[in-house]
Amino acid sequence: KAGVTQTPRYLIKTRGQQVTLSCSPISGHRSVSWYQQTPGQGLQFLFEYFSETQRNKGNFPGRFSGRQFSNSRSEMNVSTLELGDSALYLCASSLGGGPYGYTFGSGTRLTVV
Amino acid sequence: KQEVTQIPAALSVPEGENLVLNCSFTDSAIYNLQWFRQDPGKGLTSLLLIQSSQREQTSGRLNASLDKSSGRSTLYIAASQPGDSATYLCAVRRSGGGADGLTFGKGTHLIIQP
């Protein structure tokens with residue numbers, strides 16, 4: 001059974017550019033959520049999608065957005081990149097809400113220069 | 001707002017020792033608590049998932065307990081091995097409306113000396 005797949009693994013972008021990250025969940029999982037991990041702040045929740053609808057959103061500026069497609073694959077977009085956006089971005093999939101646990105991907109390491 | 005604290009922040013022990021990692025959370029309205037390990041530069045690997053109605057879960061040398069009323073969980077690692085060296089994270093999933101995904105602690109950085 002394939003796990004959660006995130007692409008690309010590494011990205012280097014220039015300040016002011018935009019970036020799109022991709023996540024393919026485990027087959028049958030309809031919930032995809034995104035997290036940002038930095039040394040200073042640890043893991044912080046960005047947003048969660050279920051059946052193409054954003055269900056929850058963390059405390060991040062509007063430059064961070066996402067979407068989910070009918071096949072449950074999800075993309076996360078960051079516009080007007082800032083140096084502080086450099087982080088490991090992790091995607092997690094779940095069967096749905098409530099008691100289900102999460103399975104994480106290997107992450108995308110974004111470096112903004 | 002849910003807050004999760006993990007103690008200790010770092011731990012270094014000789015191989016073979018049994019050890020306990022601690023996790024506490026401020027809001028007991030949770031669906032479940034999940035323990036993960038993270039190797040440097042990698043994603044998270046799920047170790048154990050404990051539902052709010054459960055007291056403990058076991059997998060191999062790992063045992064996690066949950067006391068929801070006091071807002072505490074412990075991860076017990078028996079007969080530690082160098083391969084157990086990693087950062088261990090606990091996370092809770094809040095229940096109720098407006099739930100905001102998982103809330104993580106800052107982790108315990110564990111080093112097992114050969």
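What counts and how
- The numbering scheme is per chain: residues are counted from 1 as the chain's sequence reads.
- Going through the entries in the order they are written, you letter the chains from A and number the ligands from 1.
- Reporting in this predicted model follows two pLDDT cut-offs: at least 70 for local features of residues, and 80 or more for side-chain atom pairs to be given and counted; totals over whole chains, interfaces and linings ignore these cut-offs and use all residues.
- Think of the side-chain values as coming from all heavy atoms in the structure, minus any hydrogens and water.
- Helix numbers and strand numbers start at the N terminus; a helix is a DSSP run of H or I with at least 4 residues, a strand a run of E with at least 2.
- All radius of gyration figures rest on C-alpha atoms, and the globule criterion is 2.2 Å times the number of residues raised to 0.38.
- Each residue is placed in one exposure class: buried if its accessible area under a 1.4 Å probe, protein chains only, is under 20% of its type's maximum, exposed if it is over 50%, and partly exposed if it falls in between.
- Two residues qualify as a contact provided that any one of their heavy atoms is within 4.5 Å of a heavy atom in the partner residue.
- At least two DSSP bridges between two strands are needed for those strands to be called paired.
- Every axis in this analysis is a line fitted to C-alpha atoms, fitted for helices over the stretch in contact. Angles between the N-to-C directions lie between 0 and 180 degrees.
- Polar contacts, as counted here, are pairs of nitrogen or oxygen atoms within 3.5 Å of one another; within protein the pair requires one atom able to donate a hydrogen and one able to accept it, and residues that are adjacent in sequence qualify only if both atoms are side-chain atoms.
- Only Phe, Tyr and Trp rings are paired, with Trp represented by its six-membered ring, and only when their centres lie within 6.5 Å; those with planes under 30 degrees apart are stacked, over 60 edge-to-face, the remainder tilted.

Asks: Help me understand the overall build of chain A in this model?
Replies: Counting its regular elements, chain A contains 0 helices and 11 strands. Listed N to C, the secondary structure of chain A is β-β-β-β-β-β-β-β-β-β-β in terms of helices and strands. Taking 13 Å as the expected radius of gyration for a compact globule of 113 residues, we find that chain A reaches 13 Å, a close match to that expectation. When burial is assessed residue by residue, chain A has 50% of its 113 residues classed as buried. Put simply, 54% of the contacts in chain A that link residues at least 6 apart link residues at least 24 apart.

Asks: Looking at this structure, how should I read the sheet that holds strand 6 (residues 56-59) of chain B?
Replies: Neighbouring strands of a sheet are bound in pairs by backbone hydrogen bonds; such pairs are parallel or else antiparallel. Residue and element names in this part refer to chain B. Pairing is antiparallel in the open sheet, where 5 strands are placed in the order 1-3-8-7-6. If you trace the sheet from one side to the other, it starts and ends with strand 1 (4-7) and strand 6, each paired once. Each adjacent strand pair in this sheet contributes to an overall mean axis angle of 15 degrees, direction not counted. Where strand 6 meets strand 7 (residues 62-67), 4 bridges bridge the pair, whose relative direction is antiparallel. Paired with Gln 57 across the two strands is Ala 64, which belongs to strand 7.

Asks: It is not clear to me how the side chain of Ser 93 of chain A should be interpreted in this structure. Could you clarify?
Replies: All names here are of chain A. Along the chain, the position of Ser 93 falls in strand 9 (residues 87-94). Here the side chain of Ser 93 touches His 29 through a polar contact of 2.8 Å, side chain to side chain. Discounting residues that sit within four places of it in the chain, Ser 93 has contacts with Val 4, Pro 25, Ile 26, His 29, Ser 31, Gly 101, Tyr 102 and Thr 103.

Asks: Looking at this structure, how should I read unusual backbone geometry?
Replies: Following Thr 7 of chain A, the chain continues into Pro 8 of chain A via a peptide bond in cis, with omega recorded as -10 degrees. Inspection of the secondary structure assignment puts Pro 8 of chain A in the loop between strand 1 (5-7) and strand 2 (10-13). For the peptide bond that leads from Ile 7 of chain B to Pro 8 of chain B, omega is -5 degrees, which places it in the cis range. Checked against the element boundaries, Pro 8 of chain B lands in the loop between strand 1 and strand 2 (10-14). In the Ramachandran plot, Ser 72 of chain A falls in the positive-phi region, its phi being about 80 degrees despite a non-glycine side chain. Along the chain, Ser 72 of chain A turns up in the loop between strand 7 (64-68) and strand 8 (74-78).

Asks: Just checking my understanding: could you explain the packing of aromatic side chains for this structure?
Replies: Two descriptors summarise a pair of aromatic rings, namely the distance from one centre to the other and the angle between the planes of the rings. By the definition in use, this model includes 8 aromatic pairs over all chains. With centroids separated by 5.2 Å and ring planes inclined at 85 degrees, the aromatic side chains of Phe 104 of chain A and Phe 36 of chain B adopt a geometry described as edge-to-face. Of this pair, Phe 104 of chain A sits in strand 10 (residues 103-104) while Phe 36 of chain B is found in strand 4 (residues 30-38), placing the two residues in two different chains. Both residues of the pair, Phe 104 of chain A and Phe 36 of chain B, belong to the buried class. When the centroid spacing of 6.0 Å and the interplanar angle of 75 degrees are considered together, the rings of Phe 104 of chain A and Phe 104 of chain B count as edge-to-face.

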